[in-house]
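Tertiary structure, described
Spelled out from the first residue to the last, the chains are:
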Amino acid sequence: MDFNFSELMEKIAEDIGGQFSEYDKFKSVIIVPLQENRYQAVVGVLKHNEKLNKTRLEFSSKVCQLSESVDLKELLMENAKTCYARFVIVDDYVRVEGSAFLESVTESGIKEIIDEVANMADAWELKLTGLDVH
């Protein structure tokens, strides 16, 4: 398959009025503009799943640093309300992640995943910190 992840991410950033930055051909970030002049960084990574021998698109966004004030049960319950996104904890940070296998997703589907990840991360960042940090 002739697939250029960076080109796709740059096109999506342009389509939504966001900013694109490339780390390498497998990882980039889009700064997603949201309501009320808020923004959320969504990192996109192209990964190969060895077990299934498939390519996966993974999108993530930081919410806040994990602390005792974060209600983990509430976050798990929120996972049941989403389509693509879910809360995870990575390196002591609460994050929102969404993923799909490349072969089973369209460009519009990728935009939906990025949108849900960005909006969910931003809403919970605001709820938990009162700030627009990430």
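Above this text sits the structure in question.
Note that the structure is a prediction, hence the values are computed from the model and not measured.

Conventions and cut-offs
Residues numbered from 1 in each chain as written. Predicted model: local features only at pLDDT ≥ 70, side-chain atom pairs only at ≥ 80, totals over all residues. Heavy atoms only, no water. Core = buried A, V, L, I, M, F, W, Y, C linked by side-chain atoms within 4.5 Å. Buried < 20%, exposed > 50% of the residue type's maximum accessible area, 1.4 Å probe, protein only. Helix = DSSP H or I, 4+ residues; strand = E, 2+ residues; numbered from the N terminus. Contact = heavy atoms within 4.5 Å. Axes fitted to C-alpha atoms, helices over the stretch in contact; angles between N-to-C directions. Parallel < 35°, antiparallel > 145°, perpendicular 65-115°, else oblique. Left-handed = near helix turned anticlockwise from the far one by under 90°. Expected span 1.5 Å × (residues − 1). Pairing = 2+ DSSP bridges. Polar contact = N/O pair within 3.5 Å; in protein donor to acceptor, adjacent residues only side chain to side chain. Arc of directions from axis to C-beta.

So, on to the nonpolar core. Formed by 31 residues in total, the largest nonpolar core has its most connected members in L57, F59, V63, F87, V96, I110 and I114. Put simply, the parts of the chain that give this core at least two residues each are α1 (5-16), β2 (27-33), β3 (39-49), β4 (54-65), β6 (93-101) and α3 (107-129). When near neighbours in sequence (up to four residues on either side) are disregarded, F87 contacts V63, L75, E78, N79, V94, R95, V96, M120 and W124.

With that settled, consider the packing of helix α2 (residues 72-79) against α3. α3 packs onto α2 with a crossing angle of 155° between their chain directions and a minimal axis gap of 13 Å. When the interaxial angle is binned, α2 and α3 end up roughly antiparallel. In the crossing of α2 with α3, the sense of the turn from one axis to the other is right-handed. Where α2 approaches α3, its residues E74, L75, E78 and N79 are matched on the opposing element by M120, W124 and K127.

Attention now moves to α3. If you check α3, its first and last C-alpha atoms are 32 Å apart, about what 23 residues at 1.5 Å a residue would give, namely 33 Å. Every buried residue of α3 is listed here: G109, I110, I113, I114, E116, V117, A118, M120, A121, D122, W124 and E125.

Two elements, β3 and β4, share seven bridges in a ladder whose sense is antiparallel. Following the sheet pairing, N49 is matched in β4 by K54. Here β4 runs beside β6; their pairing, made up of nine bridges, is antiparallel. Bridge assignment links Q65 to a residue of β6, and that residue is Y93.

Here R56 shows up in strand β4. Here R56 falls in the partly exposed class, since its relative accessible area comes to 24%. Not counting residues up to four positions away in its chain, the partners in contact with R56 are V45, L46, K47, S99, A100, F101 and L102. Within the structure, the side chain of R56 is placed 2.3 Å from the side chain of E58, a separation counted as a polar contact.

What follows concerns α2. Here α2 has its buried residues at L75, E78 and N79. Across the axial projection of α2, the buried residues extend over an arc of 110°, all falling on one side. For α2, exposure combined with an orientation more than 90 degrees from the buried face picks out K73, L76 and M77. Buried residues belonging to α2 abut β5 (86-90), β6 and α3. The N-terminus of α2 is capped by D71, whose side-chain oxygen sits 3.1 Å from the backbone nitrogen of K73.

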